[in-house]
Amino acid sequence: MSKLVPCPWLNIVSGVDLEVMICGKPTVNIELLKKHTKYAGGLDISSPRVVFFWNVLEELSDEERLRLIKFCWGQERLPATSEEYERYNVRFMIKPANYAAKNPDQTMPKVDTCFFNLELPGYTTK
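Fair warning: this is a prediction, and the values are worked out from it, not measured in the lab. (Residues numbered from 1 in each chain as written. Predicted model: local features only at pLDDT ≥ 70, side-chain atom pairs only at ≥ 80, totals over all residues. Heavy atoms only, no water.)

Trainee: For this particular structure, what's the right way to read the pattern of salt bridges?
Mentor: A side chain of one charge can pair with a side chain of the opposite charge when the charged atoms of the two come close. Applying the stated criterion across every chain, the model contains seven salt bridges. Between K126 and E59 there is a salt bridge; the shortest N-O distance is 2.5 Å. Taken together, the residues K126 in the segment after β4 (117-120) and E59 in helix α4 (residues 48-59) connect sequence positions 67 residues apart. Residues K126 and E59 agree in their burial class; the two are exposed. One salt-bridge network, in which partners are shared between bridges, spans E31, K34 and E58. (Salt bridge = Lys/Arg side-chain N within 4 Å of Asp/Glu carboxyl O. Helix = DSSP H or I, 4+ residues; strand = E, 2+ residues; numbered from the N terminus. Buried < 20%, exposed > 50% of the residue type's maximum accessible area, 1.4 Å probe, protein only.)

In structure tokens:
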């Protein structure tokens with residue numbers, strides 16, 4: 001353990017604090033994730049499909065949000081602070097799913113887990 005965490009830290013932080021420092025928070029801070037989200041392919045935060053995405057994410061339980069993060073990134077937890085996002089160059093990217101042109105409402109999103117990218121079809125409703 002002392003190879004991962006300096007011994008003096010073990011005396012000054014709780015087990016919960018240590019877990020957050022090493023693993024990230026076990027919840028999804030939507031505002032923090034939005035702050036570290038980039039958009040591609042002509043999308044922006046006000047694009048209808050993006051608005052639907054953020055609205056649905058807010059309606060999900062913490063457990064469902066964590067499953068979505070795992071689906072998109074292959075990891076269950078996000079950095080706990082903006083500083084950690086920046087330090088580890090973590091960013092979420094939402095880009096349009098161009099493969100869904102015929103009927104986007106019957107198309108599933110795709111992801112690039114290595115890059116934390118979500119290809120979002122142009123859904124017409126939430």
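Trainee: Explanation requested: helix α5 (residues 62-73) in the structure shown.
Mentor: Because an α-helix completes one turn every 3.6 residues, residues spaced three or four positions apart along the sequence face the same direction. Between its first and last C-alpha atoms α5 spans 16 Å; for 12 residues at 1.5 Å apiece the expected length is 16 Å, and the two agree. When α5 is considered as a whole, its buried residues turn out to be R65, L66, I69, C72 and W73. Axial view of α5: buried residues confined to an arc of 125°, hence all on one face. When the buried face of α5 is taken as reference, the exposed residues oriented beyond 90 degrees from it are E63 and R67. (Expected span 1.5 Å × (residues − 1). Arc of directions from axis to C-beta.)

Trainee: For this particular structure, what's the right way to read the pairing of strand β2 (residues 92-96)?
Mentor: A regular strand places its side chains so that they alternate between the two faces of the sheet. Burial analysis of β2 places four of its five residues in the buried class, which makes it a mostly covered element. Of the strand pairs in this sheet, strand β1 (residues 37-39) and β2 are connected by three bridges, and their pairing is parallel. When the sheet's bridge partners are listed, T37 is paired in β2 with F92. (Pairing = 2+ DSSP bridges.)

Trainee: Would you mind going over the environment of W9 with me for this structure?
Mentor: Here W9 lies in helix α1 (residues 7-12). On the basis of relative accessible area, W9 is assigned to the partly exposed category, the value being 39%. Linking W9 and R77, residues 68 residues apart in sequence, is a C-alpha distance of 22 Å.

Trainee: It is not clear to me how the packing of aromatic side chains should be interpreted in this structure. Could you clarify?
Mentor: When we look at a pair of aromatic rings, we describe it by the centre distance and by the angle of the planes. As enumerated under the stated definition, the model contains four aromatic pairs in all. Between F53 and F92, the aromatic rings sit 6.0 Å apart at their centres with planes inclined by 40°, giving tilted as the arrangement. You can see F53 sitting in helix α4 and its partner F92 sitting in strand β2, a full 39 residues away along the chain. Take F53 and F92: they sit in the same class, and that class is buried. The interplanar angle of 40° and the centroid separation of 4.7 Å between the aromatic rings of F92 and F116 together place this pair among those described as tilted. Here F92, found in strand β2, pairs with F116, found in the loop between β3 (110-112) and β4; they are 24 residues apart in sequence, far enough to count as distant. In terms of burial, F92 and F116 fall into one category: buried. Taken together, the ring pairs in this structure connect F53, W54, W73, F92 and F116 into an aromatic cluster. Here K110 stacks its cationic end above the ring of Y99, 4.3 Å away from the centre of that ring. (Phe/Tyr/Trp six-rings, centres within 6.5 Å; stacked < 30°, edge-to-face > 60°. Lys NZ or Arg CZ within 6 Å of the ring centre and 35° of its normal.)

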